[in-house]
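# Observations on the three-dimensional arrangement
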Amino acid sequence: MEVLRRKSELSAWLSERRGVPRVLVPTMGALHRGHTSLFDLARREAAARGGGEVVATIFVNPTQFGPNEDFAAYPRPLEADLAKCREHGVDAVFAPAAAEVYAADRSVTVTETRLSARLCGASRPGHFDGVCTVVAKLFHLTRPDAAVFGEKDYQQLAIIRRMHADLFLSGEVVGMPIVREPDGLAMSSRNANLSPDARRDALAISRFLAEVRRRFAAGERDASRLVAGAHEALAPGRIDYVEVVDAADLAPVTVVERPVLVAVAAHFGGVRLIDNTVLA
Ligand code: AMP
């Protein structure tokens, strides 16, 4: 497995492989089973394209963190991450320094203007500009035949699909279902920052989403009744949002008539967690 730190190394590696299909998996590292499932899916996508290769990126992207967010505290266990990449058949890891990705005098940002306004975009101003900008850069640097993203970050995936279509980016965007701990907690690099108490309390999120699915299965179609009792259910977590939105355009919904996304963001012991489920 190649570990490439510079754009020049990446482009040299890519030019040795002209004609070999490749699948991109962008990550911020602190890899867990959610990420390694993306690598496994990427391997299958690469094989389906005829012996293709998997390129992972590990980059804690500064521009997607707000001034009071956890950029400095974000875990960065690079050696352990590289071992996981090797175990899961990644062919090359691009792990650049920030200065390699962002010129000091840069003045171009990629902004998606509709889907980004809600949910995480409302509580994290500028977050999706940072995501779109770095993902567009990674597409341009690697020109993948496919790129794999997780449904754990459902809004991010929807925005990336939109950007991919609007900017004619290369290849295909592939989504991967949420990977969970055995007790239901959605896997996240931020789980490493949870205290044991906060880790236990955070289970309330997936329990609440399971309850919402039960209500839906029992015939409930009123959006506010579907998510009624969220504050009690998620206590002592501090809710950022609990919303029922159209699964395609993320617009708020009052009565469920088409597939909807039920999305939750909440803080547990100072750690912001997100999770979601689709009702269809
Ligand atoms: P991150 O390193 O958090 O930026 O995530 C990198 C990629 O992994 C994104 O496409 C995420 O949606 C995806 N991902 C993170 N956690 C999970 C999970 N629990 N299940 C599926 N995909 C995930």
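Residues numbered from 1 in each chain as written. Predicted model: local features only at pLDDT ≥ 70, side-chain atom pairs only at ≥ 80, totals over all residues. Heavy atoms only, no water.

All right, on to the packing of helix H6 (residues 127-142) against helix H7 (residues 154-166) then. At a minimum axis separation of 10 Å, H6 and H7 run at an interaxial angle of 50°. When the interaxial angle is binned, H6 and H7 end up oblique. Crossing of H6 against H7: the hand is right-handed. Counted together, Phe128, Val131, Cys132, Val135, Ala136 and Phe139 of H6 and Gln155, Gln156, Ile159, Ile160, Met163 and His164 of H7 form the full contact between these two elements. For the contact of H6 with H7, the per-class residue count stands at nine nonpolar, three polar and no charged. (Axes fitted to C-alpha atoms, helices over the stretch in contact; angles between N-to-C directions. Helix = DSSP H or I, 4+ residues; strand = E, 2+ residues; numbered from the N terminus. Parallel < 35°, antiparallel > 145°, perpendicular 65-115°, else oblique. Left-handed = near helix turned anticlockwise from the far one by under 90°. Contact = heavy atoms within 4.5 Å. Nonpolar A, V, L, I, M, F, W, Y, C, P; charged D, E, K, R; others polar.)

A few words on the pairing of strand S6 (residues 172-176). Relative to S6, strand S5 (residues 146-150) runs parallel, the two being bridged by five bridges. Note that in S6 the partner of Val148 across the bridge is Val174. Taken together, S5, H7 and S6 form a β-α-β motif whose crossover is right-handed. (Pairing = 2+ DSSP bridges. Right-handed = clockwise from strand over helix to strand, strands pointing away.)

The next subject is helix H1 (residues 7-15). Residues of H1 that are buried include every one of Leu10, Trp13 and Leu14, and no others. Relative to the axis of H1, the buried residues are bounded by an arc of 100° and lie together on one face. Of the surrounding secondary structure, the elements contacted by the buried residues of H1 are strand S1 (2-4), strand S2 (22-27), strand S3 (53-58), strand S4 (92-94) and H6. (Buried < 20%, exposed > 50% of the residue type's maximum accessible area, 1.4 Å probe, protein only. Arc of directions from axis to C-beta.)

Time to look at the nonpolar core. Grouped together as the largest cluster of nonpolar side chains are 40 residues, with contacts concentrated most on Leu119, Val135, Phe139, Phe149, Tyr241, Leu250 and Leu261. Sequence-distant contacts of Val135, that is, excluding residues within four places in its chain, are made with Phe149, Ile160 and Met163. Membership of the second largest hydrophobic core comes to 29 residues, among which are Leu185, Ile205, Leu209 and Ala266. (Core = buried A, V, L, I, M, F, W, Y, C linked by side-chain atoms within 4.5 Å.)

Read these as layout, nothing more, since geometry by itself doesn't imply function.
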